[in-house]
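Observations on chain architecture
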Amino acid sequence: EDEAMNEPTVTVRLTVYAPEYAPGAILVESDWADHDRVVLVMDGKRYTVLAEALADAAQRARKPR
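Residues numbered from 1 in each chain as written. Predicted model: local features only at pLDDT ≥ 70, side-chain atom pairs only at ≥ 80, totals over all residues. Heavy atoms only, no water.

Some words on the overall build of the chain
Broken down by element type, the chain carries one helix and four strands. Each helix and strand of the chain, placed in order from N terminus to C terminus, yields the pattern β-β-β-β-α. Across the 65 residues that make up the chain, the buried fraction comes to 14%. In the chain, the share of contacts with a sequence separation of at least 24, taken over all contacts with a separation of at least 6, comes to 6%. (Helix = DSSP H or I, 4+ residues; strand = E, 2+ residues; numbered from the N terminus. Buried < 20%, exposed > 50% of the residue type's maximum accessible area, 1.4 Å probe, protein only. Contact = heavy atoms within 4.5 Å.)

Focus on the pattern of salt bridges
Applying the stated criterion across every chain yields a total of three salt bridges. Among the salt bridges present, the one from Glu29 reaches Arg46, with a minimum N-O distance of 2.9 Å. Of the two residues, Glu29 sits in strand E2 (residues 22-30) while Arg46 sits in strand E4 (residues 45-50), which places them 17 residues apart along the sequence. Taking relative accessible area as the criterion, Glu29 reaches 15% and is therefore assigned buried. (Salt bridge = Lys/Arg side-chain N within 4 Å of Asp/Glu carboxyl O.)

Listed below in structure tokens is the structure:
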């Protein structure tokens with residue numbers, strides 16, 4: 001049996017502030033099979049992305065233009 005399947009999923013709830021306040025509207029979950037990826041859950045849809053790319057995108061978006 002694959003040990004990764006037995007690992008608990010880590011879930012982080014993000015609050016959306018605009019256009020309306022929606023606590024827990026976006027979930028970021030660990031990917032059970034690949035620790036380099038995370039799953040974004042929004043409006044019942046799941047999107048698997050590279051964790052490093054998501055962190056990089058957030059960091060780059062914070063910099064002044």
